[in-house]
Amino acid sequence: MRYRPLGSTGFSVSEIGFGCASWWGKRAFDEREAIRLVHAALEGGVTLFDTGAAYSEGNAEPRLGRALKGRATDGLVIATKAGTRHDGRRVVRDFDPTAIEASVEASLRNLGLEALPLLQLHGPALGELTDAFLDRISGLKRRGLIRALGVNSFDPQVVALAAGRAEIDVVMVDYNVLRPERAPLIAEAAGQGKGVLAGMALAMGHTGGQVLKLRAPRDVWYALRALKNHRADIAKGARFGFLGDIPGMTGAQAALAYVLADPNVSSAVVGATRLAHLRDNLAASGITLPEPARAAIRRAQGG
Ligand SMILES: NC(=O)c1ccc[n+]([C@@H]2O[C@H](COP(=O)([O-])OP(=O)(O)OC[C@H]3O[C@@H](n4cnc5c(N)ncnc54)[C@H](OP(=O)(O)O)[C@@H]3O)[C@@H](O)[C@H]2O)c1
């Protein structure tokens, strides 16, 4: 596993991060299997684990805490999110600073930590990132409850604003073969000393039509999510089937190598619930895409 600096935070992170969200965090997914994946990720050198208070109906974060219990967490960048929570029925947004402070206290308990290495604001609106708000949230850093502060957003205007703020250390954006348009924004953020996390680095399994291959209940869940929220990506992803034909690497490794070819990315964060997928992803660190494959990706992106 290779490591990269997380902007100016002083942290170094594995270039493949493990996403503790989606099916991984759901109660329907066997907890022993979920924990086994975290342990395999640790053994494979993963030091970045990304979760959120609202993920998987609120089960993902405490599950990650249980997975890490008894393990040395020094040197790990455990990232969680606030600003959203699951109220038992649905995800609720709440960017009231008092709610965020309470969310951080709960996350510390869930994760068994004294300080969160990275807290990310989960999808704030442009108008919510005011001076007063950021100063209040920075108080969590001054109090030693969080070490670094980030913003996770897929809204380019929010990411650009966050990248220009001294209080923000890290941005997490959706970056994968289907989102080449994020590259200039990522370069801008990195140029301002921010760590950049590429979320959904595998395009949620959309490349090559994988997301519609239904082998188990989890695949049905991912397919329904894609049909509900990301229909356009399914059509786009179908143009990238050739990624699976590049000699010396799997399609997922090719997709991750594309993200990691960008020196401004600190880590590509991937969710996996199959051990074979996780191993495949870990082995993507250090893989270089041959130029003909890069050219084919550019053509597919333009087409
Ligand atoms: N989705 C969002 O809106 C969002 C937002 C903010 C942050 N994030 C962060 O980004 C992380 C990743 O996002 P995500 O889980 O939505 O999507 P993703 O990582 O882009 O894709 C997950 C899908 O890819 C499959 N997969 C993983 N490794 C594979 C491999 N080697 N070969 C083939 N298929 C593979 C998984 O299958 P199996 O489960 O069968 O292994 C799953 O269906 C999240 O965990 C979270 O930390 C996501």
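Coordinates for the structure precede this section.
So, a few notes on the structure that sits alongside this text. What you see is a predicted model; the values in this text were computed from it and never measured.

1. As for the packing of aromatic side chains
- Considering all chains together, one arrives at 6 aromatic pairs under this definition.
- With centroids separated by 6.1 Å and ring planes inclined at 50°, the aromatic side chains of Trp23 and Trp221 adopt a geometry described as tilted. With Trp23 in helix 1 (residues 22–25) and Trp221 in helix 8 (residues 217–229), this residue pair connects regions lying 198 residues apart in the sequence.
- Residue Trp23 is classed as buried on the basis of its relative accessible area of 9%.
- Among the residues examined, Trp221 registers a relative accessible area of 24% and is labelled partly exposed.

2. Some remarks on the environment of Leu116
- With respect to the secondary-structure elements, Leu116 resides in strand 8 (residues 116–122).
- Exposure remark for Leu116: the relative accessible area of 0% places this residue in the buried category.
- It is 6.7 Å that separates the C-alpha atoms of Leu116 and Ile78, two residues lying 38 residues apart in sequence.
- The residues touching Leu116, leaving out its near neighbours within four places in the chain, are Thr80, Val104, Ser107, Leu108, Leu111, Leu145, Ile146, Arg147 and Ala148.

3. Notes on the sheet that holds strand 12 (residues 267–270)
- Taken together, 8 strands build a closed barrel; the order of strands is 3-4-5-8-9-10-11-12 and the barrel is parallel. The sheet shows a mean angle of 30° between the axes of neighbouring strands, direction not considered.
- Note that strand 9 (residues 146–152) and strand 10 (residues 170–174) share 3 bridges and pair parallel. What sits directly across from Val151, in strand 10, is Val171.

4. Some remarks on the packing of helix 2 (residues 31–43) against helix 3 (residues 60–68)
- One way to put it is that helix 2 packs onto helix 3 with a least axis distance of 9 Å and a crossing angle of 60°. Looking at the two axes, helix 2 sits oblique to helix 3. Seen from above, helix 2 lies across helix 3 with right-handed handedness. For the pair helix 2 and helix 3, the contacting residues are Glu31, Ala34, Ile35, Val38, His39 and Leu42 in the first and Arg63, Leu64, Arg66, Ala67 and Leu68 in the second.
- Tallied by class, residues from the contact of helix 2 with helix 3 come to 7 nonpolar, 1 polar and 3 charged.

5. A few points about the pairing of strand 5 (residues 77–82)
- Burial of strand 5 is extensive: 6 of the 6 residues sit out of reach of the surface.
- Where strand 4 (residues 48–50) meets strand 5, 3 bridges bridge the pair, whose relative direction is parallel. Residue Phe49 lies in a different strand from strand 5, and its bridge partner there is Ile78.
- A crossover links strand 4 with its parallel partner strand 5, the connecting element being helix 3, and its sense is right-handed.
- As defined by bridge partners, strand 5 adjoins strand 8 across 4 bridges and the pair is classed as parallel. Bridge pairing links Thr80 to Leu119 in strand 8.

6. Some thoughts on the packing of helix 3 against helix 4 (residues 97–111)
- The interhelical angle for the contact between helix 3 and helix 4, taken along N-to-C directions, is 35°, at an axis separation of 7 Å. Here helix 3 contributes Glu61, Pro62, Leu64 and Gly65 to the contact with helix 4, which in turn contributes Ala106, Ser107, Asn110 and Leu111.
- The residue inventory of the contact of helix 3 with helix 4, partitioned by class, reads 4 nonpolar, 3 polar and 1 charged.

7. Some remarks on a nonpolar patch on the surface
- A cluster of nonpolar side chains, contributed by Leu212, Leu214, Val220, Leu224 and Leu227, occupies part of the molecular surface with about 430 Å² of accessible area.
- When you line up the elements, Leu214 lands in the loop between strand 11 (195–199) and helix 8.
- Judged by relative accessible area, which is 52%, Leu214 ranks as exposed.

8. Notes on unusual backbone geometry
- Positive phi outside glycine occurs at Glu57, with the angle close to 55°.
- Looking at where Glu57 falls in the secondary structure, it is placed in the loop between strand 4 and helix 3.

9. Quick word on the pairing of strand 8
- With 7 of 7 residues buried, strand 8 lies mostly within the body of the structure.
- Relative to strand 9, strand 8 runs parallel, the two being bridged by 6 bridges. Looking at the pairing, Leu116 lines up with Ile146 of strand 9.
- Regarding topology, helix 5 (residues 131–142) serves as the crossover connection from strand 8 to the parallel strand 9, and that connection is right-handed.

10. A closer look at helix 8
- Over its 13 residues, helix 8 runs 18 Å from end to end, which matches the ideal 18 Å to within 8%, given 1.5 Å per residue.
- Of the residues making up helix 8, those classed as buried are Arg218, Asp219, Tyr222, Ala223, Arg225 and Ala226. Taken down its axis, helix 8 places every buried residue within 160° of arc, on the same side. Among the exposed residues of helix 8, those oriented more than 90 degrees off its buried face are Pro217, Leu224 and Lys228.
- Contacts from the buried residues of helix 8 go to helix 1, helix 2 and helix 9 (231–237).

The rules behind the values
- Residues numbered from 1 in each chain as written.
- Predicted model: local features only at pLDDT ≥ 70, side-chain atom pairs only at ≥ 80, totals over all residues.
- Heavy atoms only, no water.
- Phe/Tyr/Trp six-rings, centres within 6.5 Å; stacked < 30°, edge-to-face > 60°.
- Helix = DSSP H or I, 4+ residues; strand = E, 2+ residues; numbered from the N terminus.
- Buried < 20%, exposed > 50% of the residue type's maximum accessible area, 1.4 Å probe, protein only.
- Contact = heavy atoms within 4.5 Å.
- Pairing = 2+ DSSP bridges.
- Axes fitted to C-alpha atoms, helices over the stretch in contact; angles between N-to-C directions.
- Parallel < 35°, antiparallel > 145°, perpendicular 65-115°, else oblique.
- Left-handed = near helix turned anticlockwise from the far one by under 90°.
- Nonpolar A, V, L, I, M, F, W, Y, C, P; charged D, E, K, R; others polar.
- Right-handed = clockwise from strand over helix to strand, strands pointing away.
- Patch = residues over 30% accessible without salt bridge, like charges linked within 9 Å, V, L, I, M, F, W, Y side chains within 5 Å.
- Areas by Shrake-Rupley, 256 points an atom, 1.4 Å probe, with all protein chains shown as cover.
- Salt bridge = Lys/Arg side-chain N within 4 Å of Asp/Glu carboxyl O.
- Expected span 1.5 Å × (residues − 1).
- Arc of directions from axis to C-beta.

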